[in-house]
Amino acid sequence: NKLGIVIIDHGSKRERANEMLIELCNKYKSKYSFEIVEPAHMEICEPSILTACERCINQGAKRIICHPYFLSKGRHVQEDIPNIINNVKSKYPNIDISLTEPVGCNELMVEIINATIVSSINKS
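Criteria and cut-off values
Residues numbered from 1 in each chain as written. Predicted model: local features only at pLDDT ≥ 70, side-chain atom pairs only at ≥ 80, totals over all residues. Heavy atoms only, no water. Helix = DSSP H or I, 4+ residues; strand = E, 2+ residues; numbered from the N terminus. Buried < 20%, exposed > 50% of the residue type's maximum accessible area, 1.4 Å probe, protein only. Contact = heavy atoms within 4.5 Å. Lys, Arg positive; Asp, Glu negative; His and termini not counted. Charge placed at Lys NZ, Arg CZ, Asp CG, Glu CD. Pairing = 2+ DSSP bridges. Axes fitted to C-alpha atoms, helices over the stretch in contact; angles between N-to-C directions. Core = buried A, V, L, I, M, F, W, Y, C linked by side-chain atoms within 4.5 Å. Arc of directions from axis to C-beta.

Draft legend 1. Here's a closer look at the overall build of the protein chain. Each helix and strand in the protein chain was counted, giving 4 helices and 4 strands. In the protein chain, the succession of α and β elements from N to C terminus is β-α-β-α-β-α-β-α. Projected onto the principal axes, the alpha-carbon positions of the protein chain cover approximately 55 × 30 × 30 Å. Counting every position in the protein chain, which comprises 124 residues, the buried fraction comes to 34%. Considering only contacts in the protein chain between residues 6 or more positions apart, those separated by 24 or more positions represent 68%. If the 15 positive side-chain charges of the protein chain are averaged to one point and the 15 negative ones to another, these points end up 2 Å apart.

Now the structure itself:
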């Protein structure tokens, strides 16, 4: 069973912001050796969540894990993204599609925040 990973951000009118998600997906794919990793934007621009899931399916994925690249469980993570994923599930009932928790207060996030702050202090 091939596994597909979809990393979802909000989506932006600013092209550079959208390009950052592609960079993140490429880094994730190369570091963790997953064969199928696709970026998705919840709204505003392509690829949409549906498009990203279809790209996974077209590469042979039978299971797709979607990760909301969001910090907290706001409305988008609790309602909008699950609704979109449920629509994808209804279109592809034979594909196992799940949604992870957002990054939230993970201990690694605390380390990233500290590293950013320390870097800023050192630049001063």
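Draft legend 2. Fine view of the sheet that holds strand β2 (residues 36–41). Taken in spatial order, the 4 strands make up an open sheet running β2-β1-β3-β4, and their pairing is parallel. At either end of the open sheet lies a strand with only one pairing partner, and these are β2 and β4 (96–99). Recorded for the sheet is a direction-independent mean angle of 20° between the axes of neighbouring strands.

Draft legend 3. Representation of the nonpolar core within the structure. Counting 20 residues, the largest nonpolar core has Val-6, Ile-8, Ile-64 and Cys-66 as its most contacted members. At the level of secondary structure, the elements contributing two or more residues to this core comprise β1 (2–9), β2, α2 (49–58), β3 (61–68) and α3 (75–91). Residue contributions to this core peak at 5 residues, all from α2. Excluding residues within four positions of it along the chain, Cys-66 makes contact with Val-6, Ile-8, Cys-53, Ile-85, Ile-97, Ser-98, Leu-99 and Thr-100. Of all hydrophobic cores here, the second largest spans 6 residues; its members include Ile-5, Leu-21, Cys-25 and Val-37.

Draft legend 4. Summary view of α2. Every buried residue of α2 is listed here: Ile-49, Ala-52, Cys-53, Cys-56 and Ile-57. The arc enclosing the buried residues of α2, seen along the axis, measures out at 140°, which places them on a common side. Buried residues along α2 sit against β1, β2, β3 and α3. At the exit of α2 stands Gly-60, carrying a positive phi of roughly 100°.

Draft legend 5. Up close: the environment of Ser-72. The residue Ser-72 is located in the loop between β3 and α3 in this model. The class of Ser-72 is partly exposed, set by a relative accessible area of 48%. Expressed as a C-alpha distance, the spacing of Ser-72 and Gly-104, which sit 32 residues apart in the sequence, is 5.0 Å. Those residues in contact with Ser-72, other than ones at most four positions away along the chain, are Val-77 and Pro-102.

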